[in-house]
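# Coordinates in review
Listed below, chain by chain, are the residues.
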Amino acid sequence: MWTPYQLFIAVGMVITGSINTLATKWADKQSAPGPNGVVHAFDHPFLQAVGMFIGEFSCLVVFQIWIRYQKWTIKKDPTKEVNFGNQKFSPFLFLGPAVCDMTATSLMYIGLNYTYASSFQMLRGAIIVFTALLSVAFLRQFITKKKWLGIFLVLVGLVLVGLSDILFNSNSQYGPNEVITGDLIILIAQIISATQVVLEEKFVNGKDILPLQAVGWEGFFGMTILGTLLIPMYFIPASSFSNNPRGVLEDALDGLYQIGQNSTLALAQIGSVCSIAFFNFFGISVTKQLNATTRMVLDSIRTIVIWAVSLAVKWSTFQYLQAIGFVVLIGGTVIYNNLAPIPCLDPPPQVQPINESKPEYSDEAASEKTPLLYDTQSITNQTA
């Protein structure tokens, strides 16, 4: 039976995670006048990505406040023990993962401009496939037959969701080609996200760095690098790619001006930034108070919520093919994470000697930077 606090963080994770995707899509559907006075659609994926990293960076601010508070309480009570994790690491350890996160997030926001919010959330499940393949190639990990079955089902689910977008897009403001492009961009982003996972597992795991601090440092690098890149993007012509009035890769000034002219757009952006910060907190709290399996289930519920809201506000129409694809996708995820017994594929049980210590595993090792469809059961205890 869950305690009131556990119920609070579980509901909080679902709500804030749903708000993040829905608020971003809501902003994409807004229009506002630019500096030239012409009303046009808000199309600023790179600016939105910077906002997301600002939200992640706020986790580092909260972490520093927490550390100082705990040190103050220790001065009052020297017997108190607090785990601060490893504080002697180089922050540049997160530079590589942050670059991957920055690139993947920017691509996903571009893709979200051209496809449905529900499909966006479902297609993110592709990370389980690419993470497994990259882990075999670069980490020399072994994938069992059961996991391969899970990967196959995830692929089938992704194909069904993609076909649904192609065959039934009459309610979309974009044609089939644009929707296909959006879906493909999101899938490409998952390859980069999977690369981020592999880099973190190879270079970050085992460093005893607390998750909230790790999220904050990646947010800092993403915010700093992408924020700086907005300057050259302001001058790079990209009329065939960008829909902003000046036809450049990103017109941040135009985007900021639009936000200032449209209160609904401003609310959507604030909701996106704040929700990612709270989602990180709730997600890490869920893995600590409950477990990563529960977190995976909650993420599936989040997808259903996003789907239901998209249907309710008529951003999309119900398609049976998408529903079947989602069920198959969840089934593959469950099998991959070894949550459903399959006698013919499960390894025989091993007897643990009484005097032999059992290796420690902890779901606390999962953080928001650990994709929810990744096999968090196999990550060793880092955060104790």
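Residues numbered from 1 in each chain as written. Predicted model: local features only at pLDDT ≥ 70, side-chain atom pairs only at ≥ 80, totals over all residues. Heavy atoms only, no water.

As for its position among the elements, Val273 is in helix α10 (residues 263-289). Owing to a relative accessible area of 22%, Val273 belongs among the partly exposed residues under this scheme. C-alpha of Val273 to C-alpha of Gly55: the two residues are 218 residues apart in sequence and 4.8 Å apart in space. Filtering out sequence-adjacent residues up to four positions away, Val273 remains in contact with Gly51, Ile54 and Gly55. (Helix = DSSP H or I, 4+ residues; strand = E, 2+ residues; numbered from the N terminus. Buried < 20%, exposed > 50% of the residue type's maximum accessible area, 1.4 Å probe, protein only. Contact = heavy atoms within 4.5 Å.)

So, on to the pattern of salt bridges. Working definition: two side chains of opposite charge can pair if their charged atoms are close together. Under the defined criterion, the tally for this structure stands at 2 salt bridges. A salt bridge links Arg246 to Asp251; the nearest nitrogen and oxygen atoms lie 3.7 Å apart. The closest approach of N and O atoms between Arg302 and Asp299, which form a salt bridge, is 2.5 Å. Separated by 3 residues within a single helix, Arg302 and Asp299 lie in helix α11 (residues 292-312), roughly one turn from each other. Judged on exposure class, the residue Arg302 and its partner Asp299 are both buried. (Salt bridge = Lys/Arg side-chain N within 4 Å of Asp/Glu carboxyl O.)

On to helix α5 (residues 127-138), then. The first and last C-alpha atoms of α5 sit 16 Å apart over 12 residues, in line with the 16 Å expected at 1.5 Å per residue. Residues of α5 that are buried include every one of Ile127, Ile128, Val129, Thr131, Ala132, Leu134 and Ser135, and no others. Against α6 (145-167), α7 (176-203) and α12 (320-336) lie the buried residues of α5. Once α5 finishes, Arg140 follows within two positions and takes phi at roughly 55°, a positive value. (Expected span 1.5 Å × (residues − 1).)

Let us look at the nonpolar core. Core analysis: the biggest nonpolar cluster contains 31 residues, and Met13, Phe46, Leu226, Leu230, Ile259, Val286 and Leu298 have the highest contact counts within it. Mapped onto this core, the elements with two or more residues apiece are α1 (4-28), α2 (45-76), α3 (95-112), α8 (211-233), α9 (252-261) and α10. In terms of residue count, the dominant contributor to this core is α10 (7 residues). Once you skip the residues sitting within four places of it in the chain, Leu298 turns out to touch Ala10, Met13, Val14 and Val286. (Core = buried A, V, L, I, M, F, W, Y, C linked by side-chain atoms within 4.5 Å.)

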